[in-house]
There are 2 protein chains.
Amino acid sequence: MDKNALRRMSYGVYIVTAKDGEKESGCTANAAMQITSEPMTIAVSINRENYTNELIRAGGQFAISILAEDGDPKQIGKFGFMSGRNKDKFAGIETLTVDGLKVMKDSCGYLTCKVIDTMETSTHTVFLGEVMTYHTEGVLREKPLTYAYYHEVLKGKSPKTAPTYLAD
Amino acid sequence: MDKNALRRMSYGVYIVTAKDGEKESGCTANAAMQITSEPMTIAVSINRENYTNELIRAGGQFAISILAEDGDPKQIGKFGFMSGRNKDKFAGIETLTVDGLKVMKDSCGYLTCKVIDTMETSTHTVFLGEVMTYHTEGVLREKPLTYAYYHEVLKGKSPKTAPTYLAD
């Protein structure tokens, strides 16, 4: 076996946000992909330990902000390595509100989705969302950040709750 | 709405192969991602019209070959724009056999998976596979091809059955 095989799969880097009434949070994610074009649907894999999982489930919606190569890496760390249960992750972060959900201005695009199905796995929930809005209006960047660039150039890490976490 | 938001999501380019007894085929795919790390699982989205969907369902297994930036683009076209129902897509293609499934030598790595769950959507099946083998042994390349590079540099197209198909 050779872990390079796994490292050679390609991903973007996203912040997935959700809301349940007044409670609102988000987490950094790489496992997001379009599943169908008609209707347009997107799947995301979110660890059940993440507060965001609970909020998506309760609110029935999620938003995806597509992070950019030249964006502020601190945003990734803030949403990736802290829990939103006791902390307002949005403090100091510029956001837009789309379909009632917060998305990041420091991104190169966003989508909002209504959950239409879920698949439970050992540790993660795969949420299937029908896209309500997809746009680039109001964002600051254009060039998507890839997971490879995040690791190789920005020297970023993955938390233990990531689908792609690999112990060295 | 702005389709650039969808185009800014990042993917790799893969050939997903499957087998049912003597019947064996594969198709080009971009929608593949790791879902969990323990146990290691991968999800792929495959159109129900694709012969490969039928073979994964019947055989209960699939393999993913991770295509490379410097690989032969003809391989992508052969597996992406023709049906394997009446044609042997593997003719003239160098393969390795791993866990009984064919994977491409012209790739930068491969994984084989046993199907443990499925989610049906409007047009595609999301197959969740538990990884049996992940390796780079015997492959010819190292640098993964991204979907962005395939479109922007290789000027590649997506078939109508792709999850990410966008009419212009």
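Residues numbered from 1 in each chain as written. Chains lettered and ligands numbered in written order. Predicted model: local features only at pLDDT ≥ 70, side-chain atom pairs only at ≥ 80, totals over all residues. Heavy atoms only, no water.

A word on the confidence of the model for chain A. Mean pLDDT over chain A works out to 94, with 99% of the residues at or above the 70 mark. This prediction of the complex comes with two scores: 0.95 for pTM and 0.94 for ipTM. (pLDDT = per-residue confidence, 0-100.)

The next subject is the side chain of asparagine 50 of chain B. In this fold, asparagine 50 of chain B is placed in the loop between β4 (40–47) and α2 (51–59). Once residues within four sequence positions are removed from consideration, asparagine 50 of chain B is found in contact with Cys27, Arg85 and Thr161 of chain B. (Helix = DSSP H or I, 4+ residues; strand = E, 2+ residues; numbered from the N terminus. Contact = heavy atoms within 4.5 Å.)

Here methionine 9 of chain A lies in the loop between α1 (4–7) and β1 (14–20). For methionine 9 of chain A and alanine 148 of chain A, which are 139 residues apart along the polypeptide, the C-alpha to C-alpha distance reads 8.9 Å.

Residue and element names in this part refer to chain A. Omega for the peptide link from glutamate 38 to proline 39 comes to -5 degrees, which places this bond in the cis form. Note on placement: proline 39 falls in the loop between β3 (32–37) and β4 (40–47). The phi dihedral of aspartate 99 is positive, around 50 degrees, even though this residue is not glycine. With respect to the helices and strands, the residue aspartate 99 is situated in the loop between β6 (95–98) and β7 (101–104).

Here we come to the sheet that holds β3 of chain A. Residues and elements named next belong to chain A. One open sheet holds the 7 strands; their spatial order is β2-β1-β5-β8-β9-β4-β3, and the pairing between them is antiparallel. Since the sheet does not close on itself, it has two edges, and those belong to β2 (23–29) and β3, each with one partner. On average, each strand axis in the sheet is inclined to that of its neighbour by 35 degrees, with strand direction left out of account. Contacts from helix α3 (residues 73–80) reach β1 and β2, with the element oriented near 115 degrees to β2. (Pairing = 2+ DSSP bridges. Axes fitted to C-alpha atoms, helices over the stretch in contact; angles between N-to-C directions.)

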